[in-house]
Amino acid sequence: MKKAAAISSVLDVPGLPANPFGETGSPSVTVPAGKHLVVETVSVQVDVTPLGSQLEAFVNFTCGGKSVQLFVPLTFAYGQPSNGYDTYVALQAVRLYVDPGTAVSVTTYSPTGSTGTLFVTVSGYLI
């Protein structure tokens, strides 16, 4: 089955969103202008150095013109002694309403280390 045929078959199913949306960004994903994004899942991957550092993550977005910051509980995934980084991940079922032309981003805070690469993935639909 070709990609276009697979997408068409999903869009033609009653009850499924007409405008599915999914994207990964580092550290943000921008909502298309003129469309609101309803986020149904958000996942985060972040790393921190040195090994054993404490780490918090937040997903930031704009809803109704107001800035919103959502705490995301992280789970330790693995440590990489060769480069000195610990990697943490999160996956949350959510319902976030993101304004057109704004971004969904991930930020971190570590009182004991420095963060490296940040990834956020959102999936949902455009209205």
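This is a predicted model, so every value here is computed, not measured.

Calculation criteria
Residues numbered from 1 in each chain as written. Predicted model: local features only at pLDDT ≥ 70, side-chain atom pairs only at ≥ 80, totals over all residues. Heavy atoms only, no water. Helix = DSSP H or I, 4+ residues; strand = E, 2+ residues; numbered from the N terminus. Buried < 20%, exposed > 50% of the residue type's maximum accessible area, 1.4 Å probe, protein only. Contact = heavy atoms within 4.5 Å. Areas by Shrake-Rupley, 256 points an atom, 1.4 Å probe, with all protein chains shown as cover. Salt bridge = Lys/Arg side-chain N within 4 Å of Asp/Glu carboxyl O. Pairing = 2+ DSSP bridges. Axes fitted to C-alpha atoms, helices over the stretch in contact; angles between N-to-C directions. Core = buried A, V, L, I, M, F, W, Y, C linked by side-chain atoms within 4.5 Å.

## With respect to the overall build of the protein
Of regular secondary structure, the protein possesses one helix and nine strands. Counting every position in the protein, which comprises 127 residues, the buried fraction comes to 31%. Residue pairs in contact within the protein that sit at least 24 positions apart in sequence constitute 76% of those at least 6 positions apart. As presented, the protein carries roughly 7,200 Å² of accessible surface, and 57% of it is formed by carbon and sulfur atoms.

## What about the environment of Gln-92?
Checked against the element boundaries, Gln-92 lands in strand β7 (residues 85-98). Not counting chain neighbours up to four residues away, the residues in contact with Gln-92 comprise Glu-40, Thr-41, Val-42, Val-72 and Pro-73.

## With respect to the pattern of salt bridges
Within this structure, the stated rule accounts for one salt bridge. Among the ionic pairs, Arg-95 bridges to Glu-40, the shortest N-O distance being 3.8 Å. Remark: Glu-40 occurs in strand β3 (residues 37-49) and Arg-95 occurs in strand β7; sequence separation between them is 55 residues. Given the relative accessible area of 31%, Glu-40 is considered partly exposed.

## Some details on the sheet that holds strand β8 (residues 103-109)
Taken together, four strands build an open sheet; the order of strands is β2-β8-β4-β5 and the sheet is antiparallel. Both edges of this open sheet fall to β2 (28-30) and β5 (66-72), since each of them pairs with a single strand only. Taken over all neighbouring pairs, the strand axes of this sheet differ in orientation by 25 degrees on average, direction set aside. Sheet topology note: the β2/β8 ladder contains three bridges and is antiparallel. Among the inter-strand pairings, Val-29 is bridged to a residue of β8, identified as Val-104.

## Quick notes on the environment of Val-31
Within the fold, Val-31 resides in the loop between β2 and β3. In this structure, the C-alpha to C-alpha distance between Val-31 and Thr-102, residues 71 residues apart in sequence, is 5.6 Å. Once you skip the residues sitting within four places of it in the chain, Val-31 turns out to touch His-36, Leu-37, Val-98, Asp-99, Pro-100, Gly-101, Thr-102 and Leu-126.

## Overview of the sheet that holds β7
Spatial strand order, β1-β9-β3-β7-β6: five strands in an open sheet with antiparallel pairing. Of all strands in the sheet, those bounded by a partner on one side alone are β1 (20-25) and β6 (75-80). Averaged over neighbouring strand pairs, the angle between their axes works out to 15 degrees when direction is ignored. Across five bridges, the pairing between β6 and β7 is antiparallel.

## A closer look at the nonpolar core
Core analysis: the largest hydrophobic core is formed by 25 residues, its most contacted members being Leu-37, Val-44, Val-98 and Val-122. Secondary-structure elements contributing two or more residues to this core are β3, β4 (56-63), β7, β8 and β9 (114-126). Aside from chain neighbours lying at most four places away, what touches Val-44 is Ala-57, Val-59, Val-72, Leu-74, Tyr-88, Val-89, Ala-90, Val-106, Phe-119 and Val-120.

## So, the pairing of β4
Within β4, six of the eight residues are buried, which leaves it mostly tucked inside the rest of the structure. Bridging between β4 and β8 involves five bridges; their strand directions are antiparallel. Residue pairing for β8: Ala-57 is matched across the bridge by Thr-108. Relative to β5, β4 runs antiparallel, the two sharing seven bridges. Opposite Cys-63, over in β5, you have Lys-66 as the bridge partner. Taking the residues that link successive antiparallel strands as the turn, the β4-β5 hairpin has two residues, and the phi of Gly-64 there is positive, at about 60 degrees.

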